[in-house]
Amino acid sequence: MVQNAKSAPVSVKPAKLQVNTAGAWKDVARFDVADEAACAAVMNAARDIGFYATHDVRFRVVRDDALNEPLMTWTKQDGWKEWRHAGH
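Residue numbers restart at each chain and count upward from 1, following the sequence in its written direction. For a predicted model such as this one, the threshold for reporting local features is a pLDDT of at least 70, and the threshold for listing and counting side-chain atom pairs is 80 or more; totals across whole chains, interfaces and linings nevertheless cover every residue. Excluded from the side-chain calculation are hydrogens and water; included are all heavy atoms of the structure.

1. Here we look at the pattern of salt bridges
Salt bridge criterion: a side-chain nitrogen from Lys or Arg within 4 Å of a carboxyl oxygen from Asp or Glu. Evaluation of the coordinates by the stated rule reveals 5 salt bridges. With a closest N to O distance of 3.4 Å, Asp27 and Lys16 form a salt bridge. Residue Asp27 is found in strand E2 (residues 25–32), and its partner Lys16 is found in strand E1 (residues 14–20); the two are separated by 11 residues along the sequence. The salt bridge involving Asp48 is made with Arg47; its shortest N-O contact spans 3.1 Å. Burial classes follow relative accessibility: with a 1.4 Å probe on protein chains only, a residue under 20% of its type's maximum area counts as buried, one over 50% as exposed, and anything between as partly exposed. The class for Arg47 is partly exposed, based on a relative accessible area of 36%. Only DSSP runs of H or I with at least four residues qualify as helices, and only runs of E with at least two residues qualify as strands; both kinds are numbered from the N terminus onward.

2. Quick notes on the nonpolar core
By convention a nonpolar core is built from buried Ala, Val, Leu, Ile, Met, Phe, Trp, Tyr and Cys residues, the set being connected through side-chain atoms within 4.5 Å. Residues Leu17, Phe31, Val57, Phe59 and Val61 are the most contacted members of the largest nonpolar core, which totals 13 residues. Only E1, helix H1 (36–52) and strand E3 (58–63) provide two or more residues apiece to this core. No other element matches the 4 residues that H1 contributes to this core. Here, residues are in contact when the closest pair of their heavy atoms is within 4.5 Å. When near neighbours in sequence (up to four residues on either side) are disregarded, Val57 contacts Val19, Asn20, Thr21, Gly50 and Trp74.

3. A few points about unusual backbone geometry
Most peptide bonds are trans, and most residues other than glycine sit at a negative phi. Within the chain, Asn68 stands out as a residue other than glycine whose phi angle is a positive 50 degrees. Its place among the elements puts Asn68 in the loop between E3 and strand E4 (70–75).

Spelled out as structure tokens, the structure:
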């Protein structure tokens, strides 16, 4: 009898890309921030959109949970930066 080997659980860290164009954050897409290729593709796409936008646009990556804790922020002036709590 052959026993199927179980693979180790894959780490999933749900996140959301959000955009702010007029004072409120809106969800754009959900993705797995633990998936390096997916994370890079989402952040690069947001950067490209923001760079070519003719109006002020900001992006952020937040945890996909009830708190929506920011992880990274993007502005045309600063690019992607790790988000830090005020006062830290």
